[in-house]
Amino acid sequence: MNLKWKTKEVVIVAMVAAVVGVVYTIMDYLYMPLSSLLGPVFMELTFGIYLLSASLPMYIVRKPGFALFGALVTAFVNLLMGSAYGIQLILAGTLQAVGMEIGYAVYKRYEGNMVNMTVGAVLGALCVLGRDCVVFGYLTLGAATFTGIVIVRLISAVVIGMLLTKGITAGLKKTGVLRGFKCAQV
Amino acid sequence: MFTYEWKDSFLHRRNPIIKLSLIIIVTILISLSLFPALPLCTFLMTLLLGCIGGKIPIGIILKKMRVFLGIGIAFMVFMLIMKGMDGGGDTWHIWIFHWSSNDLVSILSLGMRIISISLMSLLFVVTTDPNDLVLSLILQMGLSPVHGYAALAAYRFLPTLQEEIENIKLAQEIRGIEWDKGVLRRLGTPLRIMLPLLCSAARRGERVAAAMESRGLGADIDRSYYKRTQIDRADWFFAGGTCLIYVALIGILIHAGMFRFSFGFNIK
Amino acid sequence: MEQSVHKKIIEMEQVSFAYDGDDSPVWQGLNCYFEEGTVNLLLGPSGCGKSTLLYMLNGIVPNFYEGKAEGHIWFRGEDILEKKTKDMVQYVGMVFQNPETQFCTFTVEDELAFGLENENAPRDEIDSRIDEVLDMVGMGTFRKSLLTSLSGGQKQKIAIASVLVMQSEILILDEPTANLDAVSRTEVFSLLKQLVDRYGKTIILVEHNLEQLLDKTGHVIVLDGQNKVCLEGSASHVLRNLVYNPEFRNLNIFLPEKYLIVKEWINALDRVPQVVDFRERQLAGRGEAILPIDEFAGLFQKLAVFSSVDTCSGTVHRPGDKVVEACGLGYAYRGREDAVLKRIDIRIESKDFVAVVGANGAGKSTFLKVLFRVLFPYQGSLRVGGKELDGYDKKLLYRDFGLVFQNPEDQFVTNKVYDELMFSLKKSGMGEAEKEKRVTDMLERFHLYSEREKSPFLLSQGQKRRLSVAAMLLTGQKVLILDEPTYGQDYDNQRELMELMRELNKEGVTIIVVTHDMALVADYADKVIVLADGKTEFCGPPEDIFDNMDAVKKGKLQIPSSLSFSRELRSYVEEIPSFFSRGRMTDYLIRCVKEV
Ligand SMILES: Nc1ncnc2c1ncn2[C@@H]1O[C@H](COP(=O)(O)OP(=O)(O)OP(=O)(O)O)[C@@H](O)[C@H]1O
Ligand SMILES: Nc1ncnc2c1ncn2[C@@H]1O[C@H](COP(=O)(O)OP(=O)(O)OP(=O)(O)O)[C@@H](O)[C@H]1O
Ligand SMILES: [Mg+2]
Ligand SMILES: [Mg+2]
């Protein structure tokens, strides 16, 4: 298995991650009014989308480190574009990337199969949950709300996250940019 | 949205990594603070630093902060409602909502936390040249040049991205794909631009990568730097000074009974 | 064959290449060479693999764009095909087609330093080399400028400089002037010439616009579109063959206007013994001018019978409904002090064929964006179909107005060339079979049939452009606006595109074309709008514009060379009128003789 990084992979991932960052910024503004309307449990549904910053680069390249690199680029772009969540994003990005990296590194290494993706998504979601508890005081919300949040977030991370990752990768593959990448070889 | 604005000021001259690390340390500190005093002090001090150290008029900072102030307040209102329904304590109540004093204090510090974190991020962005950020990530943090320049190229691409989004939207509209129809579709908008946008970004990445490599990036020799960022004495003073101020501040606040560590789960 | 004074620097031997996933190879057993210390020009129809060949010279193919490469490319006894791109920096520098996509930093200085840093050059050396190179390209004062603030031509020069600065011996350029106005194009060409003459560089380039280039070229390689080199040699040798040799009559290549006129004239009259004689004499001739005007004029005078020319072109234009009417239109981008559009006064009537011309950055694309309500609010008044644009329903606007973007990639909405065209017919209400027929027709007409299963993003530059225009031409909108529809096209495809537009125009579609190609304006448009510095400098029939030297200068336009050619002929044969349009001049010259 050749796990050395190529310039092409790095730059393409950076570009893709930057776009994801922009989409997040737009989403932050779009969903902001909604989140105060519908409450956090509903908004947790979008968590799968936010997980994309770590899962997409990793799924495309399948080499160690890309989840972290992608997530950090996304977070910095998100920050530099003036997202409401500021420096928090870098923390969240790092955390979910760490989860994702573990998911791909431990079992069935870097194959990009269901096991990798699910473990990565669950670990990523849990890592970010840790941050939310500390910074946003989620634990003080009461047991019912909290459990709701955890369940919805996990489902969203696994189902929506995976569907989006696969869908987007398939779309990209069709345009031929990903030729020579691992995701296009199987 | 805010962008880097060129100026020559104390804050502009500081090394980006130092600024970033300080922000992270302070973020952690205020995230752990139970009472709103520390976030509030941070907010005021950062404001002062922006005005004096960054030479940005206070009016402009506040104008740029408008959205974030709004968000902070919205978040507080939301927490008020959620906690009020839970009905923790009974010290305060309106209609069906009940709060304890503790609730109100923690909500206030949450809001202040969000606002002061946004303010720090804002100052960071306005006073940091992205080029310098990447350089210092490479030179001071040991990031590989390939990654650094890849990130820079991606950032360079952003201003054109806005145009790209408009073009894609327009192209789809002209070619008969309709937008902005109904609430559901509008919510889906970010997803619908995403794919074409990602494709064009990836294509562009491919080209930039080719251009970079054809100019020798990533060859197996050392790389020199025309411009360098460094951490100089003033940076260390700045970092040390900030830490000292926080130690002192926390000391005073504890003494005055206005600071307690909270890890988010010891309230109830 | 004539003896070349230059040494061969690169030699390709039996080179084959196929992109991954393609069945047919782009190249099969290619043999050719490039000469040292001169301008090497690569000619060939669109999609024949010119860019691919350039990429092979510095390893981008097959390292970056994956595929299967065979054969050898010899450079100083080494086989380049076995090397990596990043290890060839000292020898070969590549300037990509669109300068915008190859920059990786923010300022001119950083961009130029980037390559040198990779070579581990010390600071002082970087400093002096940047100065030196900026002087070479004549942009010494721009050292600290932001790249985004430069004009198209300036960007192109910086892109060239950023490769030059690395002192590689060979400079490769892929269509360096495709989007430039006439003045910038001349500047870039003379820069290239200077690099060869003064600094002894070797240049290899692909270019469709040969007007000012051929006299600066040393070695030319002509590809025939069936992955073979069909002609190779010095510029004059190749040109002579392209113009006079019947073997290359159907070769799909753009020549400078006067050669095209003569070539077509000869082709049309190939039964006249004197013409055949002339052709053969020129083909064998060497040393003198490729097109001896006196001889040609003499021959023409001998053969021609002069009739009165109908100077009025086609039918008299009846005023139709107003489609677009701008009055004192202004627009400033947010965050920019000066307005990009300052005072635009335009009137476009239905069934017009309008050309919008002007220098890079004059505001042509901006005007289109205002018209399509992407940019707002505007100052002044802009009426569409008699109604102020402000109050116009967007959906109605887009139903009637079609737009082809300057960048074709923005426009693709599907993943297959075939689907892309089918998509345009979605709402036409035609039957399936009818749709298929029309799409297939279109694909064949624009030489895209063999690419129909490909993703639009994998096409060559020219093919992408064609596809985006073709898709729009199918939709059946009443007004079609095309931003540079023909750049990077070969002769056949440009003509097909323009003829199709003319047909649509005859059927009642209003056509608005933004272009830098004045020959095209003279041939097809019946109204020209010159934008300069955000103002309408001129709005009227194309014949009048060249009398208005002020507008020509301000719009940085280039007078079609058929005008100078017809004037030159006129000094020998008085009866020949002045022409702006190549097509009309060719027709006239042929008609005069046919009537014998
Ligand atoms: N990345 C790619 N993957 C697959 N096929 C490609 C790719 N790039 C180009 N092609 C195909 O290879 C052929 C040659 O393309 P190339 O870009 O070299 O043509 P070109 O001569 O430069 O044309 P143009 O003048 O239009 O730029 C075309 O048929 C094109 O569709
Ligand atoms: N999004 C933007 N924001 C700010 N300025 C812009 C923007 N887009 C274009 N401009 C500026 O507006 C001016 C006109 O640009 P425009 O693209 O309309 O020129 P153009 O006439 O189409 O040129 P070209 O022939 O090169 O396509 C240029 O100076 C350009 O720098
Ligand atoms: Mg090409
Ligand atoms: Mg334009």
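Residues numbered from 1 in each chain as written. Chains lettered and ligands numbered in written order. Predicted model: local features only at pLDDT ≥ 70, side-chain atom pairs only at ≥ 80, totals over all residues. Heavy atoms only, no water.

## Some remarks on the UniProt feature "domain: ABC transporter" (unreviewed entry) in chain C
Residue and element names in this part refer to chain C. Feature annotation in UniProt places "domain: ABC transporter" (unreviewed entry) on residues 10-251 and 324-558, given in this structure's numbering. Annotated as 32% helix and 25% strand, the span residues 10-251 places its first and last C-alpha atoms 26 Å apart. Secondary structure over residues 324-558 splits into 36% helix and 24% strand, and the C-alpha atoms at its two ends are 27 Å apart. (UniProt positions renumbered as here; feature names shortened; annotations may be inferred. Helix = DSSP H or I, 4+ residues; strand = E, 2+ residues; numbered from the N terminus.)

## What about the nonpolar core?
Counting residues in hydrophobic clusters, the biggest one holds 143 residues, and the most contacted among them are C:Ile10, C:Phe34 and C:Leu57. Tallying contributions element by element places helix 1 (residues 7-38) of chain A first for this core, with 15 residues. Apart from residues no more than four positions distant in its own chain, C:Ile10 is found in contact with C:Cys32, C:Tyr33, C:Phe34, C:Leu57, C:Ile73, C:Trp74, C:Phe75, C:Ile80, C:Ile170 and C:Ile204. (Core = buried A, V, L, I, M, F, W, Y, C linked by side-chain atoms within 4.5 Å. Buried < 20%, exposed > 50% of the residue type's maximum accessible area, 1.4 Å probe, protein only. Contact = heavy atoms within 4.5 Å.)

## A closer look at the UniProt feature "transmembrane region" (unreviewed entry) in chain B
Residues and elements named next belong to chain B. With numbering aligned to this structure, UniProt lists the feature "transmembrane region" (unreviewed entry) at residues 20-38, 44-62, 67-85, 105-126 and 236-259. Across residues 44-62, helical content stands at 74% and strand content at 0%; the span's end C-alpha atoms are separated by 12 Å. This span, residues 67-85, is 100% helix and 0% strand, and a straight line between its end C-alpha atoms measures 27 Å.

## Looking at unusual backbone geometry
Cis geometry marks the peptide bond from C:Val61 to C:Pro62; its omega dihedral reads 5 degrees. By the element assignment, C:Pro62 lies in helix 2 (residues 60-63). Residue C:Phe376 is joined to C:Pro377 through a cis peptide bond whose omega torsion reads 0 degrees. Tracing the backbone through its elements, the reader meets C:Pro377 in the loop between helix 11 (364-371) and strand 14 (379-384). Phi at A:Tyr110 is positive, roughly 50 degrees, even though this residue is not glycine. Mapped onto the fold, A:Tyr110 is located in the loop between helix 6 (88-105) and helix 7 (114-136). Despite not being glycine, C:Glu484 has its phi angle at roughly 50 degrees, a positive value. Summarising the element assignment, C:Glu484 is placed in the loop between strand 17 (479-483) and helix 16 (491-506). Given a relative accessible area of 5%, C:Glu484 falls into the buried group.

## Points about the interface of chain B and chain C
Contacts between chain B and chain C engage 44 residues on the former and 61 residues on the latter. Both faces considered, chain B and chain C share a buried interface measuring about 5,100 Å² in area, 56% of it formed by carbon and sulfur atoms. When the area that chain B buries against chain C is broken down by residue, the three leading residues are B:Arg175, B:Arg215 and B:Tyr226, summing to 22%. The partner of C:Glu117 in a salt bridge is B:Arg223, with the nearest N and O atoms 3.0 Å apart. At the junction of chain B and chain C, the tally comes to 21 residue pairs in polar contact (both at pLDDT 80 or more). Of all the secondary-structure elements, those providing two or more residues to the side of chain B that touches chain C are helix 6 (130-139), helix 7 (145-174) and helix 8 (182-214) of chain B. Looking at which element gives the most residues to the side of chain B that touches chain C, the answer is helix 7 of chain B, with 15 residues. (Buried area = accessible area lost by both parts, 1.4 Å probe. Salt bridge = Lys/Arg side-chain N within 4 Å of Asp/Glu carboxyl O. Polar contact = N/O pair within 3.5 Å; in protein donor to acceptor, adjacent residues only side chain to side chain.)

## Notes on the pattern of salt bridges
Scanning all chains against the criterion turns up 52 salt bridges over all chains. The residue C:Glu100 makes a salt bridge to C:Lys155 at a minimum N-O spacing of 2.8 Å. With a gap of 55 residues between them, C:Glu100 in the loop between strand 6 (92-95) and helix 3 (108-118) and C:Lys155 in helix 5 (residues 152-164) connect regions that are remote in the sequence. Overlapping salt bridges bring together B:Lys227, C:Glu109, C:Asp110, C:Asp127, C:Asp131, C:Arg143 and C:Lys144 as one network.

## Quick look at the domain arrangement of chain B
Segmentation of chain B into domains returns domain 1 (10-127 + 232-255) and domain 2 (135-214). On a C-alpha basis, the centroid separation for the pair domain 1 of chain B and domain 2 of chain B is 32 Å. (Domains from an automatic or database assignment.)

## Topic: the coordination of the magnesium ion (ligand 4)
All names here are of chain C. Protein-derived coordination of the magnesium ion (ligand 4) comes from Ser-365 (OG) and Gln-406 (OE1), at a distance range of 1.9 to 2.3 Å. On the criterion of sequence distance, the pair formed by Ser-365 in helix 11 and Gln-406 in the loop between strand 16 (401-404) and helix 13 (417-424) is long-range, its members being 41 residues apart. Overall, Gln-406 belongs to the partly exposed group, its relative accessible area being 29%. (Donors = N, O, S within 2.8 Å, 3.2 Å for Na, K, Ca; no water.)

## Examining empty space enclosed by the protein
Residues and elements named next belong to chain C. Summed over the entire model, instances satisfying the criterion amount to ten cavities of 30 Å³ or more. Looking at the largest cavity, its volume works out to about 610 Å³. As for the largest cavity, its lining consists of 37 residues, and the residues nearest its centre are His-208, Asn-209, Phe-254, Gln-494 and Asp-517. Within the residue set of the lining of the largest cavity, elements represented by two or more residues are helix 16 and helix 17 (518-524). (1 Å grid on protein atoms, 1.4 Å probe; cavity = no way out; pocket = protein on both sides within 12 Å on 5 of 7 lines; lining within 4 Å. Points joined across faces, edges and corners; volume = space filled by probe spheres on them.)

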